[in-house]
Amino acid sequence: QVQLVESGGGLVQPGGSLRLACVVSGLSFSTTAAKWYRQAPGKEREMVATISRTGATLNYADSVKGRFTISRDNAKNTVYLQMNSLKPEDTAVYYCNTPVGYAQNYWGQGTQVTVSS
């Protein structure tokens, strides 16, 4: 079974930065794409960024383009999300997932990001 452990969230002021990490286990990480999602209070979960299995292809939601960067380290089974120029509207619980985990509707505990002065 896929296991997803997110970390790196916290409280940050507007304009600040955070780097999230997600360790993936239970599958061959280097053979799968990975995505970051977020869910704000009262809103549906939305996709934030996607990275292909090799890291060659990246995609971002329009709301985070130019501010967030997704990356991965296949040797560490880890996907990262570097978040810069954070805004209050980025406040959410952030989750990572893979196509297998998504299909199984399995999610980790997520990591809370709060952007506030």
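As the structure is a computational prediction, the values presented were derived from the model and not from experiment. (Residues numbered from 1 in each chain as written. Predicted model: local features only at pLDDT ≥ 70, side-chain atom pairs only at ≥ 80, totals over all residues. Heavy atoms only, no water.)

**Things to note about the overall build of the chain**
Piece 1. Across its full length, the chain carries 1 helix and 10 strands.
Piece 2. Along the chain, helices and strands appear, N-terminal first, in the series β-β-β-β-β-β-β-β-β-α-β.
Piece 3. Since a compact globule built from 117 residues should have a radius of gyration of about 13 Å, the 13 Å found for the chain is in line with a globular shape.
Piece 4. Taken along its principal axes, the extent of the C-alpha atoms in the chain is 40 × 30 × 20 Å.
Piece 5. For the chain, buried positions account for 43% of its 117 residues.
Piece 6. Accessible surface, the chain: about 6,000 Å² in total, of which carbon and sulfur atoms supply 48%.
Piece 7. Across the chain, the 11 positively charged side chains and the 7 negatively charged ones have centroids separated by 5 Å. (Helix = DSSP H or I, 4+ residues; strand = E, 2+ residues; numbered from the N terminus. Rg over C-alpha atoms; globule rule 2.2 N^0.38 Å. Buried < 20%, exposed > 50% of the residue type's maximum accessible area, 1.4 Å probe, protein only. Areas by Shrake-Rupley, 256 points an atom, 1.4 Å probe, with all protein chains shown as cover. Lys, Arg positive; Asp, Glu negative; His and termini not counted. Charge placed at Lys NZ, Arg CZ, Asp CG, Glu CD.)

**Observations concerning the sheet that holds strand β5 (residues 46-51)**
Strands belonging to one sheet form pairs held by backbone hydrogen bonds; the direction of such a pair is parallel or antiparallel.
Piece 1. The strand order β2-β10-β9-β4-β5-β6 describes an open sheet built from 6 strands, whose pairing is mixed. Both edges of this open sheet fall to β2 (10-12) and β6 (58-60), since each of them pairs with a single strand only. Direction aside, neighbouring strands of the sheet carry axes that sit 25° apart on average. (Pairing = 2+ DSSP bridges. Axes fitted to C-alpha atoms, helices over the stretch in contact; angles between N-to-C directions.)

**Describing the state of the cysteines**
Piece 1. If you walk through the whole model with that rule in mind, you get 1 disulfide.
Piece 2. A sulfur-sulfur separation of 1.7 Å characterises the disulfide bridge that pairs Cys22 with Cys96. Taken together, the positions of Cys22 in strand β3 (residues 18-25) and Cys96 in strand β9 (residues 92-97) put the pair 74 residues apart, joining distant regions of the chain. An identical accessibility class is assigned to Cys22 and Cys96; each is buried. (Disulfide = S-S within 2.5 Å.)

**With respect to the packing of aromatic side chains**
Piece 1. Under the criterion given, the structure shown has 4 aromatic pairs.
Piece 2. With a centroid separation of 5.8 Å and 75° between ring planes, the pair formed by Tyr102 and Trp107 is classed as edge-to-face.
Piece 3. Among the residues examined, Trp107 registers a relative accessible area of 17% and is labelled buried.
Piece 4. Three or more aromatic residues joined by ring pairs make a cluster, and in this case those are Tyr37, Tyr95, Tyr102 and Trp107.
Piece 5. The ring of Tyr80 has Arg19 lying over it, and the distance from NZ or CZ to the ring centre is 4.0 Å.
Piece 6. It is Arg45 that lies over the ring of Tyr95; its NZ or CZ is 4.3 Å from the centre. (Phe/Tyr/Trp six-rings, centres within 6.5 Å; stacked < 30°, edge-to-face > 60°. Lys NZ or Arg CZ within 6 Å of the ring centre and 35° of its normal.)

**As for the nonpolar core**
Note on soluble globular proteins: their nonpolar side chains tend to be buried together.
Piece 1. In terms of nonpolar packing, the biggest core is built from 28 residues, with Trp36, Val79, Leu81, Met83 and Tyr94 touching the most fellow members.
Piece 2. Elements with a minimum of two residues in this core: β3, β4 (34-39), β5, β7 (68-73), β8 (78-83), β9 and β10 (111-115).
Piece 3. No other element matches β3, which puts 4 residues into this core. (Core = buried A, V, L, I, M, F, W, Y, C linked by side-chain atoms within 4.5 Å.)

**Observations concerning the pattern of salt bridges**
Piece 1. The final tally for this structure, using the stated rule, is 4 salt bridges.
Piece 2. In this structure, Arg67 engages Asp90 in a salt bridge whose closest nitrogen and oxygen atoms are separated by 2.7 Å. In this pair, Arg67 sits in the loop between β6 and β7 while Asp90 sits in the loop between β8 and β9, placing the two residues 23 residues apart along the sequence.
Piece 3. For Asp90, a relative accessible area of 0% translates into the label buried.
Piece 4. Residues joined in a network through salt bridges with shared partners are Arg38, Glu46, Arg67 and Asp90. (Salt bridge = Lys/Arg side-chain N within 4 Å of Asp/Glu carboxyl O.)

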